[in-house]
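Take a look at the letters that make up each chain.
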Amino acid sequence: HYSGLEEAVYRNIQACKELAQTTRTAYGPNGMNKMVINHLEKLFVTNDAATILRELEVQHPAAKMLVMASHMQEQEVGDGTNFVLVFAGVLLELAEDLLRMGLSVSEASYIHIAVIEGYEKACKKALEILPDLVCCSAKNLRDVEEVASLLHTSVMSKQYGNERFLAKLIAQACVSILPDSGHFNVDNIRVCKIVGAGISASSVLHGMVFKKETEGDVTSVKDAKIAVYSCPFDGMITETKGTVLIKNAEELMNFSKGEENLMDLQVKAIADSGANVVVTGGKVADMALHYANKYNLMLVRLNSKWDLRRLCKTVGATALPRLTPPTLEEMGHCNSVYLSEVGDTQVVVFKHEKEDGAISTILIRGSTDNLMDDIERAVDDGVNTFKVLTRDKRLVPGGGATEIELAKQITSYGETCPGLDQYAIKKFAEAFEAIPRALAENSGVKANEVISKLYAVHQEGKKNVGFDIEAEAAAVKDMLEAGVLDTYLGKFWGIKLATNAAVTVLRVDQIIMAKPAGGPKPPSGKKDWDEDQND
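About the thresholds
- Residues numbered from 1 in each chain as written.
- Predicted model: local features only at pLDDT ≥ 70, side-chain atom pairs only at ≥ 80, totals over all residues.
- Heavy atoms only, no water.
- UniProt positions renumbered as here; feature names shortened; annotations may be inferred.
- Patch = residues over 30% accessible without salt bridge, like charges linked within 9 Å, V, L, I, M, F, W, Y side chains within 5 Å.
- Areas by Shrake-Rupley, 256 points an atom, 1.4 Å probe, with all protein chains shown as cover.
- Salt bridge = Lys/Arg side-chain N within 4 Å of Asp/Glu carboxyl O.
- Helix = DSSP H or I, 4+ residues; strand = E, 2+ residues; numbered from the N terminus.
- Lys, Arg positive; Asp, Glu negative; His and termini not counted.
- Charge placed at Lys NZ, Arg CZ, Asp CG, Glu CD.
- Pairing = 2+ DSSP bridges.
- Axes fitted to C-alpha atoms, helices over the stretch in contact; angles between N-to-C directions.
- Parallel < 35°, antiparallel > 145°, perpendicular 65-115°, else oblique.
- Contact = heavy atoms within 4.5 Å.
- Nonpolar A, V, L, I, M, F, W, Y, C, P; charged D, E, K, R; others polar.
- Buried < 20%, exposed > 50% of the residue type's maximum accessible area, 1.4 Å probe, protein only.
- Core = buried A, V, L, I, M, F, W, Y, C linked by side-chain atoms within 4.5 Å.
- Phe/Tyr/Trp six-rings, centres within 6.5 Å; stacked < 30°, edge-to-face > 60°.
- Lys NZ or Arg CZ within 6 Å of the ring centre and 35° of its normal.
- Expected span 1.5 Å × (residues − 1).
- Arc of directions from axis to C-beta.

An unreviewed UniProt entry lists the chain under the name T-complex protein 1 subunit theta, with Leucopsar rothschildi as the source organism. Note on the chain: under the UniProt heading Sequence similarities (unreviewed entry), the record states "Belongs to the TCP-1 chaperonin family." Entered under Subcellular location (unreviewed entry) in the UniProt record, the comment concerning the chain runs "Cytoplasm".

Here's what the structure looks like:
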């Protein structure tokens, strides 16, 4: 029999464990994919925990706490969401073991507080130990080869087998737009997905790529001077309606000619200003298109205002709200704008030859949309890892090496603590074993064998040894030599957020949901039911 406190906590823990179990089998390079169908019946095939959680509608309030923690990890680091879920789930599972140790009802709340305090102490200790486990730091973030090697691990967990090729692409894109100040913006790496060919046909372009066709006859311009308009490329329309009375054919001809002359003058003024490419955010009128062709202007139409803003940022243009000729300051510049065909898809490319372009685009090729979506998520993780490295260059060994070392040191710390806290601290250390255990289980290797081997090696003082995913049996190897490295910040925030989420769930003893109160329902007859019928 549980007390009321234990019953509520137990139910919350159960919900969180089920959620963590869902993503645990997707952990690591050999993790299984999940097929998620969201509320709009869109299909996702992925092993990316952030995507799975975003598309799942988690109803249970306690489980939502874990989802929030992983979203925070996604915002803070951009990778390691699965680590937060798995670790928080195991912390709660082990807390449940402590609460079920057969304590009497009167002691239930006492042990409950001891578990929470023990977890918080252990988390603090883990974050103190973590800087000592740093095995190396990124030396030069402008060296493509070095950056590619550092991005391997985060790309590998999403695209095992293609990580070398993709890491090189991401490194090229990131390094090319890293400003001198070192403030890297993730939004400056764009992704354009085009069905066809294979992953190996993907490439990086400095500049922007749009899946559009040009509007007019001109399809290629070198040394482009670009005028950007947020309005339609059309004649001005009066705000009020006007009625024109035409008495004869000559007046009719003059009326339409006046409109044509006005359009001619507007387009000629734009061409005379030196612009040879016009980008518009609205529709293009037939007459305006005719004059654009006459004055050899290349016309591109972008429906998305976000694309228009990004293009302005890339080429250094100012979006004009009316069809006025642009000044030199308002015009954008890039080396070339041309219509190209990738597979059977027409694309317009705004190409910047300068290495330090404001925006880079990774052109992803693949056989299906689902595959390309998954590659895009891998690219996203790689770009976020690069951003983390610009903030903190420290790296810790991957493959469960950091976790086992933390488990070993926190267990020793637990031995020195008096009181009931020590049980919780030892359980916290045990929770770290879940990471190499998940890697081993998903690789089809006996997990207990792997963990005992890792402990044996770490007792000898080899801190960088982790689980060897590529070996047939339960084998271990040096992660620093193998190049399997995690970012220090990713681990730091992962441990912190997972512990916070687990402790928050443990602190909850009741879930109170607001529902509409009872009482008589208002009559649902005709809306005028109280008025006199004879009126």
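Still more to cover.
Student: Please provide a residue-by-residue account of a nonpolar patch on the surface, values included.
Tutor: On the surface, a nonpolar cluster with roughly 360 Å² of combined accessible area is contributed by Val-244, Ile-246, Leu-252 and Phe-255. Assignment of secondary structure puts Val-244 in the loop between strand 6 (220-229) and helix 8 (249-272).

Student: Summarise a negative patch on the surface; cite the residues concerned and give the values.
Tutor: A cluster of acidic residues, Glu-213, Glu-215, Glu-341 and Asp-344, forms a negative patch on the protein surface. Topologically, Asp-344 is positioned in the loop between strand 10 (332-342) and strand 11 (345-351).

Student: Describe in detail the sheet that holds strand 13 (residues 394-397), supporting the description with residues and values.
Tutor: Taken in spatial order, the 3 strands line up as 3-13-16 in an open sheet, and their pairing is antiparallel. Looking at which strands have only one partner, the edges of the open sheet turn out to be strand 3 (136-137) and strand 16 (485-487). Sheet topology places strand 3 next to strand 13; 2 bridges connect them, and they run antiparallel. When the bridges of strand 13 are listed, Ser-137 appears paired with Arg-394.

Student: Tell me about the packing of helix 12 (residues 401-415) against helix 13 (residues 421-431), and name the residues and values.
Tutor: It is at 8 Å that the axes of helix 12 and helix 13 come closest, and there the two elements cross at 175°. One way to sum up the angle between helix 12 and helix 13 is to call them roughly antiparallel. Seen from helix 12, the contacting residues are Ala-407, Ile-410, Thr-411, Tyr-413, Gly-414 and Glu-415; seen from helix 13, they are Gln-422, Ile-425, Lys-426, Phe-428 and Ala-429. Of the residues assigned to the contact of helix 12 with helix 13, the class counts are 6 nonpolar, 3 polar and 2 charged.

Student: Outline the pattern of salt bridges, listing residues and values.
Tutor: Taken as a whole, this structure holds 26 salt bridges when the rule is applied. Lys-158 is paired through a salt bridge with Asp-381; the nearest N and O atoms lie 3.1 Å apart. Taken together, the residues Lys-158 in the loop between helix 6 (144-156) and helix 7 (163-176) and Asp-381 in helix 11 (residues 369-391) connect sequence positions 223 residues apart. Pair check on accessibility: Lys-158 and Asp-381 agree, each one buried.

Student: Which residues make up the nonpolar core, and what values do they have?
Tutor: Taken as a class, soluble globular proteins show a tendency for nonpolar side chains to be buried jointly. Counting 75 residues, the largest nonpolar core has Tyr-119, Leu-406, Ile-410, Phe-428, Phe-432, Ile-495 and Leu-506 as its most contacted members. Among the elements that take part in this core, helix 4 (residues 81-99) stands out by supplying 13 residues, more than any other. Core analysis: the second largest hydrophobic core is formed by 33 residues, Ala-138, Ala-171, Val-379 and Val-383 among them.

Student: Summarise unusual backbone geometry; cite the residues concerned and give the values.
Tutor: With glycine set apart, most residues show a phi of negative sign, and most peptide bonds adopt trans. With a phi angle near 55°, Ala-197 is a residue other than glycine that sits in the positive phi range. Mapped onto the elements of the fold, Ala-197 is located in the loop between strand 4 (189-195) and strand 5 (203-210). The exposure class of Ala-197 is exposed, given its relative accessible area of 56%. Positive phi is not limited to glycine here, since Asp-223 has a value of about 45°.

Student: Quick one: what's the story with the packing of aromatic side chains, residue by residue and with numbers?
Tutor: Taken as a whole and assessed by the stated rule, the structure comprises 9 aromatic pairs. Above the face of the Trp-306 ring, Lys-305 is positioned so that its terminal group lies 5.6 Å from the ring centre. Looking at Lys-491, its charged tip hangs above the ring of Phe-83, at a distance of 4.9 Å from the centre.

Student: Break down helix 8 for me, citing the residues and quoting the values.
Tutor: The end-to-end C-alpha separation of helix 8 is 34 Å, in line with the 34 Å expected for 24 residues at 1.5 Å each. Close packing links the buried residues of helix 8 with strand 6, strand 7 (277-280) and helix 9 (286-294). Immediately beyond the C-terminal end of helix 8, within one or two residues, lies Gly-274, with a positive phi of roughly 110°.

Student: I'd love a proper account of the environment of Ile-469, names of residues and values included.
Tutor: Position of Ile-469 relative to the elements: it lies in the loop between strand 14 (465-467) and strand 15 (476-478). Sequence spacing of Ile-469 and Phe-428 is 41 residues, and the spatial spacing of their C-alpha atoms is 25 Å.

Student: Explain the environment of Lys-491 to me, and be specific about the residues and the numbers.
Tutor: Tracing the backbone through its elements, the reader meets Lys-491 in helix 17 (residues 488-507). Residues contacting Lys-491, with those up to four places away along its chain left out, are Phe-83, Leu-130, Val-396, Thr-402, Glu-403 and Asp-486.

Student: Lay out the side chain of Asp-79 with the relevant residues and their values.
Tutor: By the secondary structure assignment, Asp-79 is in the loop between helix 3 (61-76) and helix 4. Of the side chains bearing the opposite charge, Lys-158 lies closest to the buried Asp-79, which forms no salt bridge; the N-O distance is 4.1 Å. If we skip the residues at most four places from it in the chain, Asp-79 touches Gln-73, Glu-74, Ser-154, Lys-158, Asp-381 and Thr-385.

Student: Could you give me a rundown of helix 3, with the residues and numbers involved?
Tutor: The end-to-end C-alpha distance of helix 3 is 23 Å, a good match for the 22 Å that 16 residues give at a rise of 1.5 Å each. Along helix 3, the residues classified as buried are Ala-62, Ala-63, Leu-66, Val-67, Ala-69, Ser-70 and Gln-73. One side of helix 3 holds all its buried residues, which, seen down the axis, span an arc of 160°.

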